[in-house]
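What follows is the residue order along each chain.
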Amino acid sequence: MKSYLLPQFAVYRDDDKCIRCKVCVRQCSFGVHAYDDEDDEIRSNESACVGCQRCATLCPTGALVIRQHPHEFRPNANWSEEMLLDVKRKAETGAVTITGMGNDKPHRVYWDHLLLNASQVTNPSIDPLREPMELRTFLGRKPDGLVFKDGRLITDMPPQVMIETPIIFSAMSYGAISYQAQLAFMQAAQELGTLCNTGEGGWPMDFRRFGRNVIVQCASGRFGVDPDYLNQAAIVEIKIGQGAKPGIGGHLPGEKVTAAVAATRMIPEGTDALSPAPQHDIYSIEDLSMLIYALKEATNYEKPISVKIAAVHNAAAIASGMVRAGADIIAVDGFRGGTGAAPRVIRDNVGIPTELALAAIDERLRREGIRNRASILVAGGFRNSADIIKAIALGADAVYIGTAALVAMGCTLCQQCNTGKCAWGITAQDPYIAKRLNPDIATRRLVNLVRAWTLEIKEMLGGMGINSIESLRGNRLHLRGIGLQEWELEVLGVKGAGQ
Amino acid sequence: MKGLDRITNPFNDDKVISNCGLFGMMSTRGRKFSGRDVILAMANMHDRGNGLGGGFAAYGIYPEYEDCYALHVMYESMAGKEQTEAFIRTAFDLVHDEEMPHRDPASSRVGGAYTAGTAPILWRYFVRVPENVLKDMIREDARKDIKNIEEDVADDYVVKQVMTIDTQIADAYVFSSGKNMGVFKGVGYPEDIGNFFCLEEYSGYLWTAHGRFPTNTQAWWGGAHPFSLLDWSVVHNGEISSYGTNRAFLEMHGYYCCMHTDTEVIAYAVDLLARRHRLPMDIVAKVLAPPLWTAIDRMPGPERRLHTALRLTYPALLMNGPFTIIIARQGEMIGLRDRIQLRPLVAGIKDDMLYLSSEEAPIRVVCPELDETWTVKGGEPIIGRLGGRVITGSESRAAAS
Ligand code: SF4
Ligand code: SF4
């Protein structure tokens, strides 16, 4: 069938600058560029181009410009080009459209509508270069109070995991991302004194040495879960849902299940790795409680158990039930959170912004007097340090970053993660492509990003006259809304700017 | 519910900001003295306030009603008074009540710039919790193992009634509710307030005082310090940048922060930690102004575990930002500065007397020859206790008693 899809990107090559080095030919994992021997010319198949900018970034002479294709359909506010192409694509394949990364629709980003406070006159701001500034955070259930007997503390502390900055690397499974990428996350988490999450794809044996800095997931496919997997990690996370695809499971195609991936996931090589939509032993909240306690038993009550859900409409009530079911950490992933692969229609239409879910959950747990019984981790679209500090003021203990971390490693949000062809080697399994991601350089870039954000967070905290992050947690008085409606201010629990 | 913050905080600010001078003096042997010296000391710090609030707390002043809760109430109207008195008569056994002795407001220069020469109706009630109420509460209380359970449930009962009056009855505000102690406060410079309430005629072994420099409130007598609940009183100089976090946590524990002041959250925090959670006072100080993590990391094992547990359990009660507070209760006076020492606190000792002050000069005014005086370190509580010992930070200094 002749495809009616038009190319989305146009390739402009300045022939005067091109030296026929063929870097673009070798680098493009989507097969756009080819060298024609006879004519001594580089030709480009634009319809294969995904706009990842790998070739333009690496072209030694700057001969390449990749731009959105200038073709134009007759303008139609109802039928955007994206809609047209999606219908045509389905008409050609009869299949669900799969995509990677997070929701790219122009919904309101609440972080951009929240403004931070700063001290003036009555209260000094604090200079983080001269004064201590504490970001140390502990994840896990906190007791309701401490009991002393004859001057001695007799309360036992539930298990806690300490992080030196409230930024954690989000769940990305080996299989979805490459071995090199996962190694970079582990190394960076260790260097930064924070955590990274294995995702649901198991945990390669040679990464177990990073255990203190690793959260492992127990998801619906139960890939790679055994006693050692649970006991070597710092935290065990039960994955119920993911922001990019609430309500559905996952599917790692057999082509990506290499021998190494198969061994890690404990499944046969080349078989599709299917994560069912629900966990088949959790059909209700009491079932969740049983799994939480099964994992606590398996880890001798020495590790906090986290439960991760997608931000959905009644997230607050669900979170409250999770805390009562025994979760030590609540992780909530908003609809802008990324994914290795998800049906586009779900990614773009299901779930709610993480900002609103977070505000509602924190508020609900406080009202019920149980906020101390679980830490709150938030995921789903953190783009800068201001987003993060605003999340903490809304009530988060720490945040998960995924997309931003991938961008630090080279990702350009081309949304092709599901294809396994990631030109940056991040979400690729093909060893030829994957090896272009140098784990040590990627580690450096991740560490630099988190360091820079951490420093910025300290600057903003100091500006507010606060020298310890716990004094900002849930401190919504340091936030004001701008350009928001009454109901939005109410959900966020903040006043409007100038109020 | 009546919005007290609407009176004290007419512009609906996040919190009422106020900076100030404070003073405390205590005989650790329980020797009583009049309010003359504490007024003198506050007059010396006149310029730390702006005449929009002054107040005093005095301990040991009502020996004849030692076992009664002394409710000091201010009324904006006779209707408020009648309603409150009807409530008090049903909620308590009323032992005695009277107008609080005071001088003529006009000649005492109280009331502030807007309402010069006027004062609310000021009345005090000595009350007991009725026997049958106590018995019922004890029967229902699950905590069978607690010592002094009677006192404990009676205190809880009083807190509840005070909150009811403060939040439900218009034009009435309880500004003091402890036993054998009392708070005296209003709009004006502290020395004028002291004179207005005739404090030179009272006799107590522990006095604290406060002169206020609010930036944004109109004059309301209830907005002055000390802030008090049961026999706790707090005077405070500072602005707490963690206020929103502190308040959210306290609301989770049933404290309704109706005044929107930092001082109020400190008083509630102390009540929660020291009375309800029964933490020792030096531990309470470590919650409010904890050591930095770098210091905790250097501590020996047990101490490190203790401080880690405190910071993990009560992170929301860390008072961040500049503050100095003097907290008092029966038999105890505690001075504490924020951990990075943004607001001043000076201590002085002479024989059995412990002095705490924003500046050294007022101490010298009332006691020129001190045995010892020093600037208090951030995060290290100075605790004066009946029985003759002054505890400073982790070490103890014996007061020359
Ligand atoms: S990378 Fe640049 S210079 Fe090299 S062949 Fe391609 S377009 Fe030409
Ligand atoms: S990870 Fe790779 S494939 Fe996925 S969006 Fe980023 S650059 Fe594209």
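Residues numbered from 1 in each chain as written. Chains lettered and ligands numbered in written order. Predicted model: local features only at pLDDT ≥ 70, side-chain atom pairs only at ≥ 80, totals over all residues. Heavy atoms only, no water.

A. Up close: the packing of aromatic side chains. Residue and element names in this part refer to chain B. The tally for this structure, following the rule as stated, stands at 18 aromatic pairs over all chains. With 4.9 Å between their ring centres and 85 degrees between their planes, Tyr62 and Phe126 make a pair best called edge-to-face. Placement of the pair is Tyr62 in the loop between strand S2 (54-59) and strand S3 (69-75) and Phe126 in strand S5 (residues 121-128), with a sequence separation of 64 residues. Summarising the burial analysis for this pair, Tyr62 and Phe126 share the class buried. With a centroid separation of 5.5 Å and 70 degrees between ring planes, the pair formed by Phe196 and Trp221 is classed as edge-to-face. In this pair, Phe196 is assigned in helix H6 (residues 190-196) and Trp221 in the loop between strand S8 (206-214) and strand S9 (227-229), connecting sequence segments 25 residues apart. By relative accessible area, which is 5% here, Trp221 ends up buried. Grouping aromatic residues by their ring pairs yields a cluster made of Phe184, Phe196, Phe197, Tyr202 and Trp221. (Phe/Tyr/Trp six-rings, centres within 6.5 Å; stacked < 30°, edge-to-face > 60°. Helix = DSSP H or I, 4+ residues; strand = E, 2+ residues; numbered from the N terminus. Buried < 20%, exposed > 50% of the residue type's maximum accessible area, 1.4 Å probe, protein only.)

B. Expanded view of the interface of chain B and chain A. Residue-level contacts link 40 residues of chain B with 38 residues of chain A. A combined buried area of about 3,200 Å² lies between chain B and chain A, and 57% of that area is made up of carbon and sulfur atoms. Linking chain B with chain A are four salt bridges, by the criterion used here. Looking at the side of chain B that touches chain A, the elements with two or more residues in it are helix H7 (243-252), helix H10 (293-298) and helix H11 (301-313) of chain B. At seven residues, the largest contribution of residues to the side of chain B that touches chain A is made by H11(B). Tallied by class, the residues present in the side of chain B that touches chain A amount to 20 nonpolar, 13 polar and seven charged. (Contact = heavy atoms within 4.5 Å. Buried area = accessible area lost by both parts, 1.4 Å probe. Salt bridge = Lys/Arg side-chain N within 4 Å of Asp/Glu carboxyl O. Nonpolar A, V, L, I, M, F, W, Y, C, P; charged D, E, K, R; others polar.)

C. A look at the side chain of A:Arg54. Within the secondary structure, A:Arg54 sits in helix H2 (residues 54-58). When sequence neighbours within four positions are dropped, the list of residues in contact with A:Arg54 reads A:Gln27, A:Ala423, A:Trp424 and A:Arg436.

D. Here's a closer look at the site of ligand 2. Around ligand 2, a shell composed of A:Met101, A:Cys411, A:Thr412, A:Leu413, A:Cys414, A:Gln415, A:Gln416, A:Cys417, A:Cys422, A:Trp424 and A:Thr427 is seen. Here the residues of the shell around ligand 2 sort into seven nonpolar, four polar and no charged. (Near = heavy atom within 4 Å.)

E. View of a nonpolar patch on the surface. Residue and element names in this part refer to chain A. There is a patch of nonpolar side chains on the surface, built from Trp79, Met83 and Val87 and spanning about 300 Å² of accessible area. Relative to the elements of secondary structure, Val87 occurs in helix H3 (residues 81-93). Judged by relative accessible area, Val87 falls into the partly exposed class, the value being 47%. (Patch = residues over 30% accessible without salt bridge, like charges linked within 9 Å, V, L, I, M, F, W, Y side chains within 5 Å. Areas by Shrake-Rupley, 256 points an atom, 1.4 Å probe, with all protein chains shown as cover.)

F. Layout of the pattern of salt bridges. Residue and element names in this part refer to chain A. This model, assessed by the stated rule, comprises 58 salt bridges over all chains. Of the charged contacts, one joins Asp281 and Arg222 as a salt bridge, the two residues approaching to 2.4 Å between their closest N and O atoms. In this pair, Asp281 sits in the loop between strand S16 (273-275) and helix H7 (285-298) while Arg222 sits in the loop between strand S13 (214-218) and helix H5 (227-232), placing the two residues 59 residues apart along the sequence. Via salt bridges that share partners, Glu82, Asp104, Lys105, Arg344, Arg347 and Asp348 belong to a single interconnected network.

G. Region of the structure containing the environment of B:Glu99. Residue and element names in this part refer to chain B. In this fold, Glu99 is placed in strand S4 (residues 93-99). The exposure class assigned to Glu99 is partly exposed, which follows from its relative accessible area of 40%. Put simply, Glu99 and Arg124 are 25 residues apart on the chain and 6.1 Å apart in space, counted from C-alpha to C-alpha. Apart from residues no more than four positions distant in its own chain, Glu99 is found in contact with Leu122 and Trp123.

H. Main features of the nonpolar core. Ranked by size, the top nonpolar core spans 130 residues in total, and within it B:Phe23 and B:Leu288 carry the most contacts. Those residues in contact with B:Leu288 that lie beyond four places of it in its chain are B:Ala269, B:Val270, B:Leu273, B:Leu317, B:Leu318, B:Met319, B:Phe323, B:Ile325, B:Ile327 and B:Leu336. Counting 120 residues, the second largest nonpolar core, distinct from the first, contains A:Val11, A:Leu230, A:Ile330 and A:Ala374. (Core = buried A, V, L, I, M, F, W, Y, C linked by side-chain atoms within 4.5 Å.)

I. Broad picture of the sheet that holds strand S14 (residues 235-239) of chain A. Residue and element names in this part refer to chain A. Spatially, the eight strands close up into a barrel ordered S11-S12-S13-S14-S17-S18-S20-S21, and their pairing is parallel. Across two bridges, the pairing between strand S12 (residues 196-197) and S13 is parallel. When the bridges of S13 are listed, Asn197 appears paired with Ile215. Its contacts with the sheet put helix H8 (residues 315-324) on strand S17 (305-310) and strand S18 (329-333), and the angle it makes with S17 is roughly 165 degrees. (Pairing = 2+ DSSP bridges. Axes fitted to C-alpha atoms, helices over the stretch in contact; angles between N-to-C directions.)

J. Seen up close, helix H3 (residues 78-91) of chain B. All names here are of chain B. With 14 residues, H3 should cover 20 Å at 1.5 Å per step; its first-to-last C-alpha distance of 20 Å lies within 8% of that length. Along H3, the residues classified as buried are Gly80, Lys81, Thr84, Glu85, Phe87, Ile88 and Ala91. The buried residues of H3 occupy an angular sector of 165 degrees when projected down its axis, which confines them to one face. More than 90 degrees from the buried face of H3, the exposed residues found are Glu82, Arg89 and Thr90. (Expected span 1.5 Å × (residues − 1). Arc of directions from axis to C-beta.)

K. The arrangement of the site of ligand 1 in detail. In the vicinity of ligand 1, the contacting residues are A:Arg13, A:Cys18, A:Ile19, A:Cys21, A:Lys22, A:Val23, A:Cys24, A:Ile42, A:Cys59, A:Pro60, A:Thr61 and A:Leu64. Split by residue class, the shell around ligand 1 holds nine nonpolar, one polar and two charged.

L. Expanded view of unusual backbone geometry. All names here are of chain B. Residue His225 is joined to Pro226 through a cis peptide bond whose omega torsion reads 0 degrees. Residue placement: Pro226 occurs in the loop between S8 and S9. Of note in this structure, Asn180 is not a glycine but carries a positive phi near 50 degrees.

M. Examining the environment of A:Gly337 more closely. Here A:Gly337 is to be found in the loop between S18 and strand S19 (342-343). In sequence terms A:Gly337 and A:Ala311 are 26 residues apart; their C-alpha atoms lie 9.9 Å from each other.

N. Here's a closer look at empty space enclosed by the protein. Counted under the stated rule, the structure contains 10 cavities of 30 Å³ or more. Size it by volume and the largest cavity reaches roughly 330 Å³. Lining the largest cavity are 22 residues, and of these A:Lys142, A:Asp397, A:Arg473, B:Leu312 and B:Pro315 lie nearest its centre. Broken down by secondary-structure element, the contributors of at least two residues to the lining of the largest cavity are strand S7 (137-139) of chain A together with H7 and H11 of chain B. Residue composition of the lining of the largest cavity, grouped by class: eight nonpolar, six polar and eight charged. (1 Å grid on protein atoms, 1.4 Å probe; cavity = no way out; pocket = protein on both sides within 12 Å on 5 of 7 lines; lining within 4 Å. Points joined across faces, edges and corners; volume = space filled by probe spheres on them.)

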